[in-house]
Amino acid sequence: MTMPPSPPAEDESAGDHPGVAECLRLLDAVPAAAASSPAFRRHWPSISASLAALSASLASPAFPPAAPLLAPLAAALRALLSVSAAGDAHAPRLGHLHTVSLLSSTAAELSQLAADARLLASAPAPAHSSSAAAAAASGSAAEDALVSRLRLGSAASRSAALEELATTATTLPAPSAAAAVSAVAALLDSAAAGGGGDLRERAVAALAALAVSDAARPALAQEAGAVVPHLCRALESGSAAEHACAALLPLTASSRDAAAAVAARGGVAALLSACAGGTPAAQAAAAGVLRNLAAFPDLLPAFRDEGGAVPLLLLQLVSLGTPRAQEQALGCLQRLTAGDGDEAQRLKVDVFQAGALACVRDFLDGGSSSCGDEPPGLAPALGLLRNMASFRYIAEIAAASGSGGGGSFVAHVAAALGSDRSATRTEAALALAELCGNAGGGRIGKAARRQQQQQHYEAIVADAAVPRLVWMLEAKAAGERDAAARALAAILAASSACRKAFRKDERGVVNAVQLLGDPSGSGVEERRFPVWVLLAVAQSRRCRKQMVAAGACGFLQGLVTAEVEGAKRLAECLGKGKMLGVFPRT
């Protein structure tokens, strides 16, 4: 037998490491031990080539001294030495079949370890040059080597590469991130075929890390068809469920097909299980995926199939979950109750019967009593309240509950109109419109059945809500302006105190008139709300003069032609006022 060359001199950085030094010692001992055992003859050419390649790689300055393949390499080399020591009188004797099997499997493992070691040694050492180009080239080579280790190598090498990817995913540039996503998707397929449970869990964790990266998300969306089935299976595993939810979160947000695949594979039930018994991070991610699924009306039957478990578990998360979990759970409930279809209406009833009003009120009470920033779930909580209040029966209950001052829904909504966030102000205005428009046939607090309570609600809206809504009519976002006009139309029609407060602010009429001709608004049909606002105060001669001076007559001509509701009546009212203005009163 021709023995392999002696190992090169050890490099200080790698050779001084105990793991590398031990492997080099074993590599040096195997050839001499194999020469004394005829059992090596058949497999020696393969083993010899692998030993030579391993010796060169371990001695390379670029080889990482803490590489995870050192442990399996040392174990394989010791297995070879055990074969050569079988002839010793004091060593345990191995049968012929056992020896042949051991040498065959060890030779194949050494060949794979040699390929992995070659990949590790080919990665350049950290650049010490101040040149940005040199550093970029070094980083690109290291990233290519990482992707190669994901595609080629033993299970131990791939597992180590997945761990490294999980920690460096956010730093990968777009090309490397796309290659990594493709490699992990292929690895998941091979792990599923080969039953590698531990490898599959590490691959799911790597996908969760890639999902956080903006550079990797486009590639992840392209591979959605390949990875979603694996992620759905991982949802049923307690240890991998958290990472599976984190990976599904951006996928289901950007792809309807991915969301449909999750729902079709029983994902709603698995996600609800994660909401009920997962870690806090898993609960928040699972609620976020459910929120994404609820955005598609055709997927609502998947929620209905779970019966009352959906609202109960989500409301429990609102009561006991982290702020992030509360935000996602409230957002899911808001979307489930947002539509006008039969499924959405039935879900709205289910959510109400599960105690949504009390849960939302407790959430709003907790947010108002705590010091600090606005709770992240405030906007979806107000959106859920708006959806619930679209039922007159529920709106009357909401208006009557918590009537003792600051704990009322009306007070919370009025306070939210002063938020620094446009989305929160918009949801608050829409919620106020539903509460005031549907509670007791258009009279604020009529369900409370007492005049004192009605006056209390009117005072809250007139003093706190009206000035803020007038200010919102000047907002940059068209949706916020439309929401403010909708809310003002509802409350001005319901309360004389609110109409008085609106007339006091000279900006109110002018801002409403400007919305009549706003080219950036939601559409001609939405102009009916500022029309209704102006109609509510058109009995005031002073307000009519302000409307005419602001150009309302010109805007109304187009709205009358478009048959916008109330436009013709307002135009006639202003026209009559102008006629009377020609002849002074005697």
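Because the structure is predicted, anything quoted here is derived from the model rather than measured. Residue numbering note: each chain is counted from 1, following its sequence as written. It should be noted that, the model being predicted, local features are given only for residues of pLDDT at least 70 and side-chain atom pairs only at 80 or more, the latter also being counted only at that level, while totals for whole chains, interfaces and linings use all residues. Excluding hydrogens and water, the side-chain values take into account all heavy atoms of the structure.

### What about the overall build of the protein chain?
Right, on to step 1. The secondary structure listing takes helices from DSSP runs of H or I that are at least 4 residues long and strands from runs of E that are at least 2 residues long, numbered from the N terminus. A count of helical and extended segments in the protein chain gives 32 helices and zero strands.
Right, on to step 2. Only protein chains enter the accessibility calculation, which uses a 1.4 Å probe; a residue whose area is less than 20% of its type maximum is buried, one above 50% is exposed, and one in between is partly exposed. Per-residue burial for the protein chain yields a buried fraction of 49% across its 586 residues.
Right, on to step 3. Each accessible area is a Shrake-Rupley result for a 1.4 Å probe, and residues are judged covered by the shown protein chains and nothing else. Surface summary for the protein chain: the accessible area is close to 26000 Å², and the carbon and sulfur share equals 54%.

### A closer look at helix α19 (residues 342-353)
Right, on to step 1. Given a helix with a known number of residues, its expected span is that number minus one, times 1.5 Å. For α19, which comprises twelve residues, the first-to-last C-alpha distance of 17 Å matches the rise-based estimate of 16 Å (1.5 Å per residue) to within 8%.
Right, on to step 2. Buried residues of α19: Ala 344, Gln 345, Leu 347, Lys 348 and Val 351, and no others. The buried residues of α19 occupy one face: seen down the axis, they fall within an arc of 165°. Turned more than 90 degrees off the buried face of α19, the exposed positions are Asp 342 and Gln 353.
Right, on to step 3. Positive backbone phi, at 100°, marks Gly 355, one or two positions downstream of α19. By arc we mean the arc of the directions from the helix axis to the C-beta atoms, nothing more.

### With respect to the packing of helix α18 (residues 323-336) against helix α21 (residues 378-389)
Right, on to step 1. Only the contacting stretch of a helix is used when fitting its axis, a line to C-alpha atoms as for every element, and angles between N-to-C directions run 0 to 180 degrees. Interaxial distance between α18 and α21 falls to 8 Å at its minimum, and their mutual angle equals 25°. Overall, the two elements α18 and α21 adopt an arrangement that is roughly parallel. In the crossing of α18 with α21, the sense of the turn from one axis to the other is left-handed. Here Glu 327, Leu 330, Gly 331, Leu 333 and Gln 334 of α18 come into contact with α21, specifically with Pro 380, Ala 381, Gly 383, Leu 384, Arg 386 and Asn 387.
Right, on to step 2. Under the grouping applied here, Gly and all other residues not named as nonpolar or charged are polar, the nonpolar ones being Ala, Val, Leu, Ile, Met, Phe, Trp, Tyr, Cys and Pro and the charged ones Asp, Glu, Lys and Arg. Grouping the amino acids of the contact of α18 with α21 by side-chain chemistry returns five nonpolar, four polar and two charged. When describing relative orientation, an angle under 35 degrees is termed roughly parallel and one over 145 degrees roughly antiparallel, while 65 to 115 degrees is termed roughly perpendicular and anything else oblique. Definitions for this section: a left-handed crossing has its near helix turned counterclockwise from the far helix by less than a right angle. A right-handed crossing has that turn clockwise. Here a residue-residue contact requires only that any non-hydrogen atoms of the pair lie within 4.5 Å.

### Notes on the state of the cysteines
Right, on to step 1. Defined by distance alone, a disulfide is two cysteine sulfur atoms within 2.5 Å. Across all of its chains, the model carries zero disulfides by this definition.
Right, on to step 2. Considering cysteine sulfurs only, Cys 436 is the nearest to Cys 498, which forms no disulfide, with 7.0 Å between them.
Right, on to step 3. Residue classification places Cys 498 among the buried positions, given a relative accessible area of 0%.

### Considerations on the pattern of salt bridges
Right, on to step 1. Any Lys or Arg side-chain nitrogen found within 4 Å of a carboxyl oxygen on Asp or Glu counts as a salt bridge. Going through the model one piece at a time under the given rule, you end up with 15 salt bridges.
Right, on to step 2. Between Glu 163 and Arg 202 there is a salt bridge whose closest N-O contact spans 2.1 Å. Note that Glu 163 is positioned in helix α7 (residues 155-168) and Arg 202 in helix α9 (residues 197-211), a separation of 39 residues in sequence.
Right, on to step 3. Owing to a relative accessible area of 26%, Arg 202 belongs among the partly exposed residues under this scheme.
Right, on to step 4. For Glu 374, the salt bridge is made with Arg 421, and the minimal N-O distance between the two is 3.6 Å. A residue pair is termed long-range when its members are at least 10 positions apart, and Glu 374 in the loop between α20 (356-369) and α21 and Arg 421 in the loop between α23 (409-416) and α24 (422-438) qualify at 47 residues.
Right, on to step 5. Through salt bridges with shared partners, a single network forms among Arg 304, Glu 343, Arg 346 and Asp 350.

### Details of the packing of aromatic side chains
Right, on to step 1. Classification of ring pairs rests on two measures: the distance between centres of Phe, Tyr or Trp rings, Trp counted by its six-membered ring, which must be within 6.5 Å, and the angle between planes, read as stacked under 30 degrees, edge-to-face over 60 and tilted in between. Inspection of the entire model under this criterion finds three aromatic pairs.
Right, on to step 2. A centroid spacing of 6.2 Å and a plane angle of 80° characterise the contact between Phe 40 and Trp 44, whose relative ring orientation is edge-to-face.
Right, on to step 3. By relative accessible area, which is 1% here, Phe 40 ends up buried.
Right, on to step 4. Plain terms: the ring middles of Phe 529 and Trp 532 are 5.4 Å apart, the flat faces sit at 85° to each other, and that makes the pair edge-to-face. Of this pair, Phe 529 and Trp 532 both sit in helix α29 (residues 528-536), three residues apart, roughly one helical turn.
Right, on to step 5. With relative accessibility at 4%, the residue Phe 529 sits in the buried group.
Right, on to step 6. The class of Trp 532 is partly exposed, set by a relative accessible area of 28%.
Right, on to step 7. Any Lys NZ or Arg CZ found within 6 Å of a ring centre and within 35 degrees of that ring's normal is scored as a charge over the ring. Above the plane of the ring of Phe 391 lies Lys 348, whose end atom (NZ or CZ) is 5.2 Å from the centre.

### Details of the nonpolar core
Right, on to step 1. With 153 residues, the main nonpolar core has Leu 165, Phe 303, Leu 469 and Met 547 as its most contacted residues.
Right, on to step 2. It is helix α26 (residues 478-494) that contributes the most residues to this core, nine residues altogether.
Right, on to step 3. Core analysis: the second largest hydrophobic core is formed by 29 residues, Leu 27, Ile 47, Leu 58 and Leu 73 among them. Definition of nonpolar core: a set of buried residues of the types Ala, Val, Leu, Ile, Met, Phe, Trp, Tyr and Cys, connected through side-chain atoms within 4.5 Å.

### What about the environment of Ala 185?
Right, on to step 1. Summarising the element assignment, Ala 185 is placed in helix α8 (residues 174-194).
Right, on to step 2. The exposure class of Ala 185 is buried, given its relative accessible area of 3%.
Right, on to step 3. Residues in contact with Ala 185, not counting those within four places in the same chain, are Glu 223 and Val 227.

### Thoughts on helix α14 (residues 267-277)
Right, on to step 1. Every buried residue belonging to α14 is among Gly 267, Val 268, Ala 270, Leu 271, Leu 272, Ala 274 and Cys 275, and all of these are buried.
Right, on to step 2. Looking at the buried side of α14, the elements it contacts are α11 (224-235), α12 (241-254), α13 (256-264), α15 (280-293), α16 (300-304) and α17 (309-320).

### A closer look at unusual backbone geometry
Right, on to step 1. The phi torsion at Glu 563 lies on the positive side, around 60°, for a residue other than glycine.
Right, on to step 2. Considering the arrangement of structural elements, one finds Glu 563 in the loop between α31 (552-561) and α32 (567-582).

### So, the confidence of the model for the protein chain
Right, on to step 1. Overall, the prediction assigns the protein chain a mean pLDDT of 81, with 82% of residues at 70 or greater.
Right, on to step 2. Confidence scores labelled pLDDT are given residue by residue by the predictor and lie between 0 and 100. Contacts from residues 6-13, a stretch scored under 50 in pLDDT, to residues over four places away or in other chains number 13 contacts.
Right, on to step 3. Predicted confidence is poor over residues 403-407, with pLDDT under 50, and the contacts of this stretch with residues over four places away or in other chains come to twelve contacts.

### Some thoughts on the environment of Ala 459
Right, on to step 1. Examined against the element boundaries, Ala 459 turns out to sit in helix α25 (residues 451-472).
Right, on to step 2. Spatially, the C-alpha atoms of Ala 459 and Ala 497 are 7.4 Å apart, while their sequence positions differ by 38 residues.

### Some thoughts on the side chain of Arg 527
Right, on to step 1. Mapped onto the elements, Arg 527 comes out in the loop between α28 (506-516) and α29.
Right, on to step 2. Any N or O atom pair separated by 3.5 Å or less is treated as a polar contact, with the protein-specific requirement of one donor-capable and one acceptor-capable atom, and with residues adjacent in sequence counted only for side-chain atom pairs. Among the polar contacts made by the side chain of Arg 527, one reaches the main-chain carbonyl oxygen of Leu 516 at a distance of 2.8 Å.

### Overview of the packing of α26 against α29
Right, on to step 1. Where α26 meets α29, the closest approach of the two axes is 8 Å, and the angle between their N-to-C directions is 35°. The two elements α26 and α29 cross, and the hand of that crossing is left-handed. Residues Ala 485, Arg 486, Leu 488, Ala 489 and Leu 492 of α26 lie in contact with α29, whose contacting residues are Phe 529, Pro 530, Trp 532, Val 533 and Ala 536.
Right, on to step 2. Classifying every residue of the contact of α26 with α29 by side-chain character gives nine nonpolar, no polar and one charged.

### Things to note about the environment of Ala 567
Right, on to step 1. By the secondary structure assignment, Ala 567 is in helix α32.
Right, on to step 2. On a C-alpha basis, the gap between Ala 567 and Arg 527 in space is 9.0 Å, while along the polypeptide they are 40 residues apart.

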